[in-house]
Amino acid sequence: MTVWQVPGVAAWRLRRPRAAEWWVGATVFGIAALLLVPGWLAPHDPYALAVSERFQAPSVAHPFGTDDAGRDIFSRVVHGARYSLGTSLIVVSVAAVFGTAYGAVAAWSGGLVDRILMRVVDVFLAFPYLVFAMAIAASLGRGLGSTLIALVVLWWPSYARMVRGQVLSLLKDQHIKAARTLGASGGQILRWHVVPHTYDQVTVRYTLDLGQALVALTGLSFLGLGAQPPSPEWGLLIADAKQYALTAWWAAVLPGLVVFLVALNFMAIGDRLRRDGTGR
């Protein structure tokens, strides 16, 4: 008898978490730690000035080195996650919820209402996304709040279009006809029998968009339209350090590497979920 024939072992293998689930769990745990308890992870005060320690290279005491004011860059990156990752989560979450509801209502209404609602979506999608976001953020004034609003306005139309297509397909299914026959109202059908069936694709899109929203957010902050000093937002850290790129490369390269790795992780998870075809 092999080890896999031992009673209970085969069943354990069938129900054990997949590698992707461990990966997602580790990512969620890491984000939660960065957002909720950054002080436990950061070895120094991210705002404490120490001019005598300015431009120190990466070391055990300062893993990412120090900046032009002697502040520990690693501590600023850790605390900056609240601004960068937190704002990205809010942007994509609001866009996903609003876009899902908008697309579902458009598909359910049909006819003239559907055409009008989708023409509004087409207007938003007609503009280059980064130029559109820059225009909105600049018109609202510099700041993280303006950037958040600009990115939400930019992101929700793609969810609306995707969910509308899914709902139109779902409305032809037999379980929808059965719910109507049993007397379910339109709101009940949408809430319990239509929208939940869009969650898989929305989850995949949501994960992919987190990385893209992070890059867009840090890009706008790098251009001066997002967070303002002394905030440790990641795009602002890179923008402040670009003038020292030749003398203190770590001040810009290491925060930029963090942005790259975090965005790549989100996109890789989303791609894995998409290839699994389940969204779970």
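## Some points on a nonpolar patch on the surface
Okay, so step 1: A cluster of nonpolar side chains, L257, F260, L261 and L264, forms an exposed patch at the surface whose accessible area comes to about 380 Å².
Okay, so step 2: Structurally, the position occupied by F260 is in helix α12 (residues 250-276).

## So, the packing of aromatic side chains
Okay, so step 1: Per the stated rule, a full pass over the model turns up nine aromatic pairs.
Okay, so step 2: A centroid spacing of 5.1 Å and a plane angle of 85° characterise the contact between F98 and W156, whose relative ring orientation is edge-to-face. In this pair, F98 is assigned in helix α4 (residues 73-109) and W156 in helix α7 (residues 144-170), connecting sequence segments 58 residues apart.
Okay, so step 3: Owing to a relative accessible area of 45%, F98 belongs among the partly exposed residues under this scheme.
Okay, so step 4: Ring geometry for F124 against F132: centres 6.0 Å apart, planes inclined by 50°, an arrangement best described as tilted.
Okay, so step 5: For F132, a relative accessible area of 16% corresponds to the buried category.
Okay, so step 6: Members of the aromatic cluster, joined through ring pairs, are F98, Y102, F124, F127, F132 and W156.
Okay, so step 7: Directly above the ring of F222 sits K242, whose terminal nitrogen or CZ lies 5.7 Å from the centroid.

## Focus on the side chain of S146
Okay, so step 1: Note on placement: S146 falls in helix α7.
Okay, so step 2: For S146, the contacting residues outside a window of four places in its chain are A137, L140 and G141.

## Observations regarding helix α11 (residues 234-241)
Three- or four-residue spacings in an α-helix give side chains the same orientation, since the helix completes a turn every 3.6 residues.
Okay, so step 1: Counting buried residues along α11, seven of its eight residues qualify, which places the element largely inside the surrounding structure.
Okay, so step 2: Every buried residue belonging to α11 is among W234, G235, L236, L237, I238, A239 and A241, and all of these are buried.
Okay, so step 3: Capping of α11 at its N-terminal end is provided by E233; its side-chain oxygen lies 2.9 Å from the backbone amide nitrogen of G235.

## Looking at the confidence of the model for the chain
Okay, so step 1: The predicted model of the chain averages 85 in pLDDT, with 89% of residues at 70 or higher.
Okay, so step 2: Counting interchain partners and residues more than four positions distant, the pLDDT-below-50 stretch residues 1-16 has five contacts.

Cut-offs applied
- Residues numbered from 1 in each chain as written.
- Predicted model: local features only at pLDDT ≥ 70, side-chain atom pairs only at ≥ 80, totals over all residues.
- Heavy atoms only, no water.
- Patch = residues over 30% accessible without salt bridge, like charges linked within 9 Å, V, L, I, M, F, W, Y side chains within 5 Å.
- Areas by Shrake-Rupley, 256 points an atom, 1.4 Å probe, with all protein chains shown as cover.
- Salt bridge = Lys/Arg side-chain N within 4 Å of Asp/Glu carboxyl O.
- Helix = DSSP H or I, 4+ residues; strand = E, 2+ residues; numbered from the N terminus.
- Phe/Tyr/Trp six-rings, centres within 6.5 Å; stacked < 30°, edge-to-face > 60°.
- Buried < 20%, exposed > 50% of the residue type's maximum accessible area, 1.4 Å probe, protein only.
- Lys NZ or Arg CZ within 6 Å of the ring centre and 35° of its normal.
- Contact = heavy atoms within 4.5 Å.
- Polar contact = N/O pair within 3.5 Å; in protein donor to acceptor, adjacent residues only side chain to side chain.
- pLDDT = per-residue confidence, 0-100.

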